[in-house]
Amino acid sequence: MTDVTEFMLEYREAARSLWNCHLRELPVDFPHHHDWEALKQVLFTTLVLRRCGHDDCAAALLTPDRYGFSWTEAIVHLKVVPVSNVPIMISRDLDGGPYWDHPIDQLGPDIADLRFIDFFDFEESGYLDFKYYRVRVQSSLRNAAPVGHHALLEVSYAKVLAEPPNKATAPEPG
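The model shown is predicted, which means the values in this text are computed figures rather than measured ones.

Cut-off values and rules
Residues numbered from 1 in each chain as written. Predicted model: local features only at pLDDT ≥ 70, side-chain atom pairs only at ≥ 80, totals over all residues. Heavy atoms only, no water. Helix = DSSP H or I, 4+ residues; strand = E, 2+ residues; numbered from the N terminus. Buried < 20%, exposed > 50% of the residue type's maximum accessible area, 1.4 Å probe, protein only. Contact = heavy atoms within 4.5 Å. Areas by Shrake-Rupley, 256 points an atom, 1.4 Å probe, with all protein chains shown as cover. Salt bridge = Lys/Arg side-chain N within 4 Å of Asp/Glu carboxyl O. Core = buried A, V, L, I, M, F, W, Y, C linked by side-chain atoms within 4.5 Å. pLDDT = per-residue confidence, 0-100. Pairing = 2+ DSSP bridges. Axes fitted to C-alpha atoms, helices over the stretch in contact; angles between N-to-C directions.

Asker: Tell me about the overall build of the protein chain, residues and numbers included.
Answerer: The secondary structure content of the protein chain amounts to three helices and nine strands. Beginning at the N terminus, the succession of helices and strands in the protein chain can be written as β-α-α-α-β-β-β-β-β-β-β-β. Within the protein chain, the fraction of its 174 residues that count as buried is 48%. Considering only intrachain contacts with a sequence separation of at least 6, the fraction spanning at least 24 residues in the protein chain is 67%. Approximately 8,900 Å² of the protein chain is accessible, and the part contributed by carbon and sulfur atoms is 52%.

Put into structure tokens, the structure is as follows:
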């Protein structure tokens, strides 16, 4: 696996700047939410996916039927790894709903397999910081209870690794 944390942080900064400086204050009735999702896809594809060799995944994300993609499915070849035993918020429900109160509240690098979904902030209408990685718990060595749940892990507590292109598959269109 290749450490792509630098690419992820570069995307984070570009997306934050674009939202905070140019899109955040547009009128409520302006259709900028759809534009924001499409812009995030282009930025993510350019700054992360293509640079880590996942052109098939990049092409899947940029097809016309992908615009408006909700960033709710894990990108399976991007593994988020805690740097040590760190705090984590895991969703109560499998769909990642609004409650982040699962009883498991700490994970270490060898405890669970976490896959990147998106960056996350609790407040999405003001300034964005993208403080958290939103991930899907793919598997767990100690406890199967959180498998399939979404989780939030502070960006400063993790690194992101990319699997080689021949070992990962592109996300399903949808």
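Asker: Outline the pattern of salt bridges, supporting the account with residue identities and numerical values.
Answerer: This structure, assessed with the given rule, holds ten salt bridges. Ionic pairing is found between D129 and R12, a salt bridge with its closest N-O pair at 3.7 Å. Placement of the pair is D129 in the loop between β6 (112-120) and β7 (132-140) and R12 in helix α1 (residues 5-23), with a sequence separation of 117 residues. Looking at R12, the relative accessible area reads 16%, which means it is buried. R115 is the partner of E163 in a salt bridge, and the nearest nitrogen-oxygen pair spans 3.1 Å. Taken together, the residues E163 in the segment after β9 (158-162) and R115 in strand β6 connect sequence positions 48 residues apart.

Asker: An account of the nonpolar core is needed here, citing residue identities and associated values.
Answerer: One finds M8, F44, L78, V80, L114, F116 and Y133 to be the most contacted residues of the largest nonpolar core, which totals 37 residues. Of all the elements in the fold, those that place two or more residues in this core are α1, α2 (32-49), β2 (78-82), β6, β7, β8 (150-154) and β9. With residues near it in sequence (within four places) discarded, L78 still touches V4, M8, F44, V48, L49, C52, L114, R115, F116, V160, L161 and A162.

Asker: Just give me the short version of the confidence of the model for the protein chain, but keep the residues and values in it.
Answerer: Taken residue by residue, the protein chain gives an average pLDDT of 83. The fraction at 70 or more is 82%. At the level of individual helices and strands, the protein chain shows its lowest average pLDDT in helix α3 (residues 55-62), which scores 60, and its highest in β9, which scores 96. Taken together, the stretch residues 168-174 has pLDDT below 50 and engages in 15 contacts with residues farther than four places along the chain or on a different chain.

Asker: With reference to specific residues and values, describe the sheet that holds strand β1 (residues 2-3).
Answerer: Strand order in the open sheet made by the seven strands is β1-β9-β2-β6-β7-β8-β4, with antiparallel pairing throughout. Only two strands of the sheet have a single partner each, and these edge strands are β1 and β4 (89-90). Where β4 lies against β8, two bridges are found, and the strand directions are antiparallel. Counted as the bridge partner of M89 is L152 from β8. Packed on one face of the sheet, α1 meets β1, β2, β6, β7 and β9 and runs near 25 degrees to β6.

Asker: Just give me the short version of the pairing of β8, but keep the residues and values in it.
Answerer: Of all five residues in β8, four are buried, a share of seventy percent or more. Two elements, β7 and β8, share five bridges in a ladder whose sense is antiparallel. In the sheet register, R136 faces β8, and the bridge partner there is H150.

Asker: Can you lay out the environment of A151 for me, pointing to particular residues and giving the numbers?
Answerer: Locating A151 in the fold gives a position in strand β8. Along the chain, A151 and V137 lie 14 residues apart, while their C-alpha atoms are 7.0 Å from each other. Those residues within four positions of A151 in sequence are excluded, and the remaining contacts are I88, M89, I90, W100, Y133, R134, V135 and V137.

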